[in-house]
Amino acid sequence: MFPSSLVGKWTTKSAATVISATSFIVFLIFDFLEVIFCIIYRYLDEFFEGKAYRCYCGDRGELQGSVGDDRESELSETLYGRNNVFRQMRFLGFARKWENRKKAFGGGGGITVWSDCGCESCVSWMKDGGGQNLHVVVKEPSTGDPTTANENCCGDLAENVIFLHGFLSSSSFWTETVFPNLSEPVKRNYRLFAVDLLGFGRSPKPKDCFYTLTDHLEMIEKSVIKPFELKSFHLVAHSMGCTISLALAAKYSNCVKSIVLTAPPYIPSSKEGASLTALEKLAGKRLWPPLIFGSSFMSWYEHLGRCVCLLVCRNHRIWEKILKLLTWRRDLHFMIMDLTRHTHHSAWHTMHNVICGGAKFLDENLDRLMKSGVKFCVIHGDCDNVVPLECSESIKSKVPNAEINIISNADHCSVIMGREKDFTRNLEHIWASFADTELFL
Ligand SMILES: *[C@@H]1O[C@H](CO)[C@@H](O)[C@H](O)[C@H]1NC(C)=O
């Protein structure tokens with residue numbers, strides 16, 4: 001007889017071996033398919049668009065300069081640094097031949113790519129002016145008098161708040177949760193801006209853009225800060241929006257009054273390794289839990305991810321019809337609708353260039369904000385399995401005077417969904433303690 005603890009240890013160990021062997025084989029198959037689909041898409045793109053799109057299957061050196069874009073240096077290392085056994089073996093001699101052909105970034109044809117949805121709502125940003133600005137939902141302070149409600153009553157006296165959503169989401173993430181739960185004094189005195197980030201929701205999704213942190217910042221400046229002449233504002237962000245909001249706040253450190261980070265993807269590491277560490281931590285090649293598997297699949301495999309977008313996003317109207325039939329509902333939840341409101345190009349580049357590539361700027365931005373004395377508040381659910389709770393604990397050790405609110409039994413979304421009222425009250429208290437005008441809530 002073995003002592004039971006030994007047997008237990010042995011089963012755990014063999015289970016771990018089986019799991020790691022399975023995941024090794026599964027990801028090996030994906031590696032292989034990725035190389036095959038790289039070739040298939042080149043043929044298809046040449047056929048439909050007259051030109052192949054640039055992909056990140058080659059080495060960085062090989063591809064560098066092929067675009068002649070000064071943004072090249074801002075591309076995340078994770079775009080090239082994703083190991084693929086088959087690609088490294090280069091056993092496909094003819095794949096190399098293709099690689100050497102001139103690969104263009106923009107492709108030919110119109111503004112949409114054949115593999116993206118061209119339905120009216122997906123291309124609405126191209127109307128009037130061709131997508132110069134982000135889609136922004138503005139809630140002006142109300143006067144309380146219904147005839148003049150939604151008129152800007154207070155002008156510069158109003159407090160401004162900018163809301164930034166996370167990955168595969170949109171302004172609805174805030175307008176459907178926080179906006180309906182605002183208290184009367186805040187409704188009267190605050191001007192709120194919820195943006196659809198570049199490449200998501202109803203905002204432009206240009207196919208000749210790298211979706212770097214700089215691109216996202218410039219669009220927010222152009223669509224919110226400049227046109228509304230904001231001299232001061234509060235920031236509220238969720239998940240990936242936190243990376244963008246920290247960069248925005250660091251750039252406007254004299255204007256930011258407070259910053260609320262909900263589930264911020266902050267992973268401390270050296271600056272050089274930050275992007276790959278972020279990819280490994282947030283989307284490491286793992287089969288379980290399903291959400292991590294999904295994000296690793298979509299962020300490690302450019303061409304396989306494009307297949308998923310082709311199936312799901314391009315046909316989102318059909319899927320929505322099927323879901324409505326199955327659930328007997330007339331309207332789907334806004335978060336389901338938002339999941340498909342992107343192109344593969346916009347989501348792929350934002351994942352790499354903002355979530356991973358932006359990771360190396362987090363420390364520097366936090367340092368700058370600490371110096372300028374901006375008030376930080378971090379909110380995180382303790383059951384979050386997308387962005388681990390350690391991220392907020394790391395912020396706490398980096399920024400000792402940050403206020404940390406850990407919400408028990410809440411995950412990445414239910415930190416807000418299902419507790420909209422509490423979340424909104426919390427925000428209002430934070431804003432009020434850093435506003436110029438005293439409000440009695
Ligand atoms: C708060 O928001 C939720 C979600 O939108 C909504 O169901 C609820 O009715 C709102 N509460 C109030 C008081 O408006």
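As recorded in an unreviewed UniProt entry, the chain goes by AB hydrolase-1 domain-containing protein and comes from Hevea brasiliensis.

Our focus in this paragraph is the overall build of the chain. The secondary structure content of the chain amounts to 18 helices and seven strands. Residue pairs in contact within the chain that sit at least 24 positions apart in sequence constitute 77% of those at least 6 positions apart. Surface exposure of the chain reaches about 20700 Å², of which carbon and sulfur atoms provide 59%.

Quick look at the site of the ligand now. Glu176, Thr177, Pro180, Asn181, Glu420 and Lys421 make up every residue found near the ligand. Glu176 places a polar main-chain atom, nitrogen or oxygen, 2.6 Å from an oxygen atom of the ligand. For the ligand, the accessible surface in isolation is 360 Å², of which the surrounding protein chains cover 48%. A breakdown of the residues in the shell around the ligand according to their chemical character gives one nonpolar, two polar and three charged.

With that out of the way, let us pick up the UniProt feature "transmembrane region" (unreviewed entry) in the chain. Mapped onto the present numbering, the UniProt feature "transmembrane region" (unreviewed entry) falls at residues 20-44. For the annotated span residues 20-44, helix accounts for 100% and strand for 0% of the residues, and the straight-line distance between the end C-alpha atoms is 35 Å.

Taken together, Val308, Leu311, Val312, Ile318, Trp319, Ile322, Leu323, Leu326 and Ile336 make up a surface patch of nonpolar side chains, about 780 Å² in accessible area. Of all elements in the fold, only helix H12 (302-312) and helix H13 (316-327) reach the threshold of two or more residues within the nonpolar patch. For the nonpolar patch, the element with the highest residue contribution is H13, accounting for five residues. Residue Leu326 is classed as exposed on the basis of its relative accessible area of 65%.

Below, the discussion takes up the pairing of strand E7 (residues 403-407). Two elements, strand E6 (residues 375-381) and E7, share five bridges in a ladder whose sense is parallel. In the strand pairing of E7, Cys377 is matched with Glu403. Viewed along the sheet, the connection from E6 through helix H17 (residues 390-398) into E7 turns out right-handed.

Another aspect to go through is the packing of helix H10 (residues 274-283) against helix H15 (residues 344-356). At a minimum axis separation of 9 Å, H10 and H15 run at an interaxial angle of 115 degrees. Comparing the axis directions of H10 and H15 gives the class roughly perpendicular. Relative to H15, H10 is oriented so that their crossing is right-handed. Taking contact as the criterion, the partners of Ala274, Ser275, Ala278, Leu279, Leu282 and Ala283 in H10 are, on H15, Met351, His352, Ile355 and Cys356. Split by residue class, the contact of H10 with H15 holds eight nonpolar, two polar and no charged.

Here we come to the packing of aromatic side chains. Applying the stated criterion across every chain, the model contains 21 aromatic pairs. A centroid spacing of 5.1 Å and a plane angle of 80 degrees characterise the contact between Phe47 and Phe48, whose relative ring orientation is edge-to-face. Phe48 sits in the partly exposed class, given a relative accessible area of 46%. Seen from their ring centres, Phe173 and Trp174 are 5.1 Å apart, and the 85 degrees between their planes marks the pair as edge-to-face. In this pair, the class of Phe173 matches that of Trp174, namely buried. Grouped by ring-pair contacts, the aromatic residues Phe163, Phe173, Trp174, Phe179, Tyr190, Phe423 and Trp431 constitute a single cluster.

Conventions we followed
Residues numbered from 1 in each chain as written. Predicted model: local features only at pLDDT ≥ 70, side-chain atom pairs only at ≥ 80, totals over all residues. Heavy atoms only, no water. Helix = DSSP H or I, 4+ residues; strand = E, 2+ residues; numbered from the N terminus. Contact = heavy atoms within 4.5 Å. Areas by Shrake-Rupley, 256 points an atom, 1.4 Å probe, with all protein chains shown as cover. Near = heavy atom within 4 Å. Polar contact = N/O pair within 3.5 Å; in protein donor to acceptor, adjacent residues only side chain to side chain. Nonpolar A, V, L, I, M, F, W, Y, C, P; charged D, E, K, R; others polar. UniProt positions renumbered as here; feature names shortened; annotations may be inferred. Patch = residues over 30% accessible without salt bridge, like charges linked within 9 Å, V, L, I, M, F, W, Y side chains within 5 Å. Salt bridge = Lys/Arg side-chain N within 4 Å of Asp/Glu carboxyl O. Buried < 20%, exposed > 50% of the residue type's maximum accessible area, 1.4 Å probe, protein only. Pairing = 2+ DSSP bridges. Right-handed = clockwise from strand over helix to strand, strands pointing away. Axes fitted to C-alpha atoms, helices over the stretch in contact; angles between N-to-C directions. Parallel < 35°, antiparallel > 145°, perpendicular 65-115°, else oblique. Left-handed = near helix turned anticlockwise from the far one by under 90°. Phe/Tyr/Trp six-rings, centres within 6.5 Å; stacked < 30°, edge-to-face > 60°.

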